[in-house]
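Fold and geometry: a report
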Amino acid sequence: MKHLFSERETFRHARVLCAAMVAVSCFVMGCGSNQEFPSRPLTLICPWSAGGGTDRIARQVAVQLEEELGVPVNVVNATGGGGVTGHSRGALASPDGYTLTLATVELNMLHHRGLSAVGPDDYQPLGLLNRDPAALFVHKRSDWHSLADVDAALAERAEPMNASGTAAGGIWHAALIGWVAQCGLPSESVNWISINGAAPSLQELMAGGIDLVCCSIPEARAMLDAGEIRCLGLMADERSPAAPDVPTFREQGDDWSLSSWRGLLCPRGVPPERVAVLEAAVDRLSRSPKFAEFMDSGGFQTSIADASEFTEFLSRSDRQFAETLGSPAFVQSQTAVVRPYFFPICLGILGLIFVVPACRSQAAVATEPSVAEESDDSSWSRWIRPAVVILAVTAFVATCETIGYVLATAALMWLLVIVFGATRRQTVGVTLLAAPLLYQLFARTLGVPLPWGWLGW
């Protein structure tokens, strides 16, 4: 096959392209720092699946933030890992103020369970929005009509009872296991089915796949109002205005309560003047009649706190969960096979498997007598290829957030196929097809949030 460029021309072009990408990287990394804020769309990360309570609040917040800030606010459901994906992505986002996270109580739990290094200290709190106590739900055809019925069933059944409401180790899991432990029953009497959110858990309850769902009343409001499910009790000190007919656990003789929370945060490192803009916008929307009406209609319990109060609340809640999750009832969750950084470590091992032999092969070729006789330029060219690849990937990482995933990927692919001696047709084909296809795979199919950049997608 006849190549478009000779080897010497290929590497000369590669050096020029690499220098251009480095220059662009240096240029775009400082773009926008002096522009009026905000000047482009914001991303609001929701760590849980669409249709659940957190997603509903996120979409209402996005609508009102658009009105406050004058730019679009796009909700991205970054689900997976029991909240690890969304909370980690929010904490590691570029600290430019354009990525916010509607964090949940799992932010106080994940690092105590060893599932993530991300905790409250990685965020800049903007405002607390609500707190919802846990509640216990069964199918309308269930024989259980009170906590006493469930307690007796747990004690009598030989097989564990299937329950869900969120991913394993989430707040609703902790709420149910904590109550079971307080009743003096072994944690093995409940088999927690890890489902990513309350909405799919309730669907599984209706399908007969599980016996119990533990979640908040707002998350189950539609099915509760339709009479499809029955609420047996609320894990709170007093009844909820959203469901005044539902008794608390305490009223039924079990002194047990646990609540979730939701609040808005941005990554650490956002310039103070931008944080001030975001705090003011969050404070106005959270105290607006429109937001109060939405929360009341949805059955969410509003609990508004400004940034400083929210910071104190996060610290206090973190200390409480450190004590709770360290109790014997939750030790089992610390024995998970998949530990933090499991997948990064796997990727690193795979990288070493491929990179180290390739480098050794290059070194072996360079020491062969026939090769040693080659010109210095030819020997140098054997090492320029991996160097260009490393620089290209570095430039991709540096520019991706600003120019967007599609453009950065297209530039990366263009450079790589030239470096590896592709023909003109191959270069054009890979450049035009690879970036959009990879974007569709990650953003659309797998739901991975990707930087929009200059194209806006």
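So, a few notes on the structure that sits alongside this text. Every value quoted in this text rests on a predicted model; they were computed, and no experiment measured them.

Procedures and definitions
- Residues numbered from 1 in each chain as written.
- Predicted model: local features only at pLDDT ≥ 70, side-chain atom pairs only at ≥ 80, totals over all residues.
- Heavy atoms only, no water.
- Pairing = 2+ DSSP bridges.
- Helix = DSSP H or I, 4+ residues; strand = E, 2+ residues; numbered from the N terminus.
- Axes fitted to C-alpha atoms, helices over the stretch in contact; angles between N-to-C directions.
- Contact = heavy atoms within 4.5 Å.
- Salt bridge = Lys/Arg side-chain N within 4 Å of Asp/Glu carboxyl O.
- Patch = residues over 30% accessible without salt bridge, like charges linked within 9 Å, V, L, I, M, F, W, Y side chains within 5 Å.
- Areas by Shrake-Rupley, 256 points an atom, 1.4 Å probe, with all protein chains shown as cover.
- Buried < 20%, exposed > 50% of the residue type's maximum accessible area, 1.4 Å probe, protein only.
- Core = buried A, V, L, I, M, F, W, Y, C linked by side-chain atoms within 4.5 Å.
- Phe/Tyr/Trp six-rings, centres within 6.5 Å; stacked < 30°, edge-to-face > 60°.
- Lys NZ or Arg CZ within 6 Å of the ring centre and 35° of its normal.
- 1 Å grid on protein atoms, 1.4 Å probe; cavity = no way out; pocket = protein on both sides within 12 Å on 5 of 7 lines; lining within 4 Å.
- Points joined across faces, edges and corners; volume = space filled by probe spheres on them.
- Nonpolar A, V, L, I, M, F, W, Y, C, P; charged D, E, K, R; others polar.

1. As for the sheet that holds strand E7 (residues 190-192)
As summarised here, the arrangement of the five strands in space is E7-E6-E8-E5-E9, forming an open sheet in which the pairing is mixed. Both edges of this open sheet fall to E7 and strand E9 (229-234), since each of them pairs with a single strand only. Averaged over all pairs of adjacent strands, the angle between their axes in this sheet comes to 30 degrees, without regard to strand direction. One ladder, built from two bridges, connects strand E6 (residues 161-164) with strand E8 (residues 212-215); its direction is parallel. Residue Ser164 lies in a different strand from E8, and its bridge partner there is Val213. Seen against the sheet, helix H4 (residues 147-156) touches strand E5 (135-139), E6, E7, E8 and E9 and runs at an angle of roughly 130 degrees to E6. Against the sheet, helix H7 (residues 217-225) contacts E5, E8 and E9, and its axis sits at roughly 150 degrees relative to E9.

2. Some points on the pattern of salt bridges
With the rule as written, the count across this model stands at 13 salt bridges. We note a salt bridge from Glu228 to Lys140, for which the minimum N-O separation is 3.6 Å. Of this pair, Glu228 sits in the loop between H7 and E9 while Lys140 sits in the loop between E5 and H4, placing them 88 residues apart in sequence. Salt-bridge contacts for Glu219 lead to Arg262; the nearest nitrogen and oxygen are separated by 3.6 Å. Of this pair, Glu219 sits in helix H7 while Arg262 sits in strand E10 (residues 259-267); the two residues are 43 residues apart in sequence, bridging distant segments of the chain.

3. Brief notes about the side chain of Thr54
Structurally, Thr54 can be placed in helix H2 (residues 53-69). Those residues within four positions of Thr54 in sequence are excluded, and the remaining contacts are Cys46, Trp48, Leu102, Thr104 and Arg262.

4. Points about a nonpolar patch on the surface
A cluster of nonpolar side chains, Val428, Leu432, Leu433 and Leu437, forms an exposed patch at the surface whose accessible area comes to about 420 Å². In this structure, Leu437 sits in helix H15 (residues 424-445). According to the relative accessible area criterion, Leu437 is exposed, its value standing at 58%.

5. Some words on the nonpolar core
With 61 residues, the main nonpolar core has Phe137, Trp179, Cys214 and Trp261 as its most contacted residues. Looking at this core element by element, the count peaks at eight residues for helix H5 (residues 171-182). Residues Leu69, Val75, Tyr98 and Leu278 belong to the second largest nonpolar core, which totals 31 residues.

6. Re the packing of aromatic side chains
For the structure on display, the rule yields seven aromatic pairs. Note on Trp261 and Phe310: the rings are 5.6 Å apart at their centroids and 80 degrees apart in plane angle, and the pair reads as edge-to-face. Remark: Phe310 occurs in helix H10 (residues 307-324) and Trp261 occurs in strand E10; sequence separation between them is 49 residues. Summarising the burial analysis for this pair, Trp261 and Phe310 share the class buried. Feature note: the residues Trp261, Phe310 and Phe313 constitute an aromatic cluster, connected by ring pairs. Stacked on the ring of Tyr98, the Lys or Arg Arg40 has its end atom at 3.9 Å from the ring centre.

7. Focus on the environment of Pro200
Here Pro200 lies in helix H6 (residues 198-207). Look at Pro200 and you get partly exposed, because its relative accessible area is 26%. Note: C-alpha distance between Pro200 and Gly165 (35 residues apart in sequence) is 8.1 Å. Dropping the residues within four chain positions of it, Pro200 is found in contact with Ser49 and Ile195.

8. Quick look at unusual backbone geometry
Cis geometry is found at the peptide bond from Phe37 to Pro38, where omega equals -10 degrees. In this fold, Pro38 is placed in the loop between helix H1 (7-28) and strand E1 (42-46).

9. Some points on the environment of Thr302
Residue position: Thr302 is located in strand E11 (residues 302-305). The spacing of Thr302 and Leu129 is 173 residues in sequence and 6.2 Å in space, taken between C-alpha atoms.

10. Points about empty space enclosed by the protein
Applying the stated criterion to the full structure yields two cavities of 30 Å³ or more. There is about 160 Å³ of room inside the largest cavity. At the level of secondary structure, the elements contributing two or more residues to the lining of the largest cavity comprise H2, H5 and E10. Residues belonging to the lining of the largest cavity are distributed by class as follows: five nonpolar, nine polar and four charged.

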